[in-house]
Amino acid sequence: MKVWVNGRVVDGDDATVSVFDHGLTVGDGVFETAKVVDGVPFALTRHLDRLASSAAGLGLPAPDTDLVRSAVAATLAANADSLDSTLRLRITLTGGTSPLGSDRGDAGPTLVVALAPATRWASSAKVVVVPWVRNERAPSAGVKTTSYADNVVALAHAKAAGAGEALFANTLGHLCEGTGTNVFVVRDGVVSTPPLSSGCLAGVTRALLLEWADVVEEDLPVGVLTEADEVFLTSSTRDVQAVHAVGDHDVPGGAPGPVTARLADTFARRSAADVDP
């Protein structure tokens, strides 16, 4: 794959940033991941809006939206031979070359746009609740930061337990989110998801489902996962994915249950009709 790095399109093997980049040394960066279907990134405007919001959350300079769009277009054009498959588009913005330590330098941010084959997700997933929590009051709460170590550890924990995703509670014991997903539960036909105040990321797929379906945002105890009729996950690459088990507990509504199946169909139809909703 060809990669766009700070204004140049280069071969993936030649795509490099400084070893002093703040994104590498202290994880000072933000990113977005969008799905590319038939050469078109889905919901790109929403992803760019969230990139800007995340940058503001970390105090990074606001990204030049026109430059990012141009970089995305150049990356797609450079990889034209691969656009017949579903791809993952990654946009990364970091604090740029900086001194070793927490202070930022004055070299300006680093911007990278890359493509990779998209993961083929199973029709349903097993999830586990991990023993670590999200801090809903942290300065990085709700920010899509490159500081992903918590997620790496949690997902490895889930994989060791035979699961495909790890779910976090927050410090209040409320359900929060997965390592790369938002979580929804269905009880007596009512669809609920944690509010942004829980510390969860404002997922693009989550936001669209809130607009396109009847979903309630509410604080949920973690125990709701084993009481719900249905559980499902959303993300930009999974769309709507049913959950068939939470740890050793089988979700009784099946995978997908009727509500999850209906919402997955709604999302598929609406997203196919408008690639930049």
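Here we summarise the structure given alongside this text.

**A few points about the pairing of strand β8 (residues 165-170)**
Across a regular strand the side chains alternate sides, sitting on one face of the sheet and then on the other.
Logical step 1: Counting buried positions along β8 gives six out of six residues, so the element sits mostly inside the fold.
Logical step 2: Side-chain alternation along β8 places Glu165, Leu167 and Ala169 on one buried face and Ala166, Phe168 and Asn170 on a second face that is also buried.
Logical step 3: Where strand β7 (residues 124-134) and β8 come together, five bridges link them in parallel fashion. Looking across to β8, one finds that valine 133 is bridged to alanine 169.
Logical step 4: Handedness of the β7-helix α4 (residues 149-160)-β8 crossover: right-handed.
Logical step 5: Taken together, the three bridges between β8 and strand β9 (residues 175-178) define a ladder with antiparallel strand orientation. Along β9, the bridge assignment pairs phenylalanine 168 with glutamate 177.
Logical step 6: Hairpin remark: β8 followed by β9, antiparallel, with four residues in the connecting loop; positive phi at glycine 173, about 85°.

**Overview of helix α3 (residues 65-78)**
Logical step 1: Here α3 contains 14 residues, and its C-alpha end-to-end distance of 20 Å stays within 8% of the 20 Å for a straight helix at 1.5 Å per residue.
Logical step 2: Those residues of α3 hidden inside the fold are in contact with β1 (2-5), β3 (29-37), β4 (40-41), α2 (44-58), β5 (87-94) and β6 (110-117).
Logical step 3: Two to three positions downstream of the cap, the backbone nitrogen of aspartate 66 sits 3.1 Å from a side-chain oxygen, assigning the N-cap of α3 to aspartate 64.

**Examining the packing of aromatic side chains**
Logical step 1: Scanning the model with the defined rule gives four aromatic pairs in all.
Logical step 2: Between phenylalanine 42 and phenylalanine 267 the ring centres are 6.1 Å apart and the planes differ by 75°, which places this aromatic pair in the edge-to-face class. You can see phenylalanine 42 sitting in the loop between β4 and α2 and its partner phenylalanine 267 sitting in helix α6 (residues 258-273), a full 225 residues away along the chain.
Logical step 3: A relative accessible area of 2% means that phenylalanine 267 is categorised as buried.
Logical step 4: Centroid distance phenylalanine 184 to phenylalanine 232: 4.8 Å. Interplanar angle 10°. Geometry classified as stacked. Of this pair, phenylalanine 184 sits in strand β10 (residues 182-187) while phenylalanine 232 sits in strand β13 (residues 230-235), and the two are 48 residues apart along the sequence.
Logical step 5: Accessibility expressed as a relative area gives 0% for phenylalanine 232, which makes it buried.
Logical step 6: Sitting over the ring of phenylalanine 31, arginine 90 keeps its end group 3.8 Å from the ring centre.
Logical step 7: Sitting over the face of the ring of phenylalanine 168, arginine 134 holds its NZ or CZ atom 3.9 Å from the ring centroid.

Analysis parameters
- Residues numbered from 1 in each chain as written.
- Predicted model: local features only at pLDDT ≥ 70, side-chain atom pairs only at ≥ 80, totals over all residues.
- Heavy atoms only, no water.
- Buried < 20%, exposed > 50% of the residue type's maximum accessible area, 1.4 Å probe, protein only.
- Helix = DSSP H or I, 4+ residues; strand = E, 2+ residues; numbered from the N terminus.
- Pairing = 2+ DSSP bridges.
- Right-handed = clockwise from strand over helix to strand, strands pointing away.
- Expected span 1.5 Å × (residues − 1).
- Contact = heavy atoms within 4.5 Å.
- Polar contact = N/O pair within 3.5 Å; in protein donor to acceptor, adjacent residues only side chain to side chain.
- Phe/Tyr/Trp six-rings, centres within 6.5 Å; stacked < 30°, edge-to-face > 60°.
- Lys NZ or Arg CZ within 6 Å of the ring centre and 35° of its normal.

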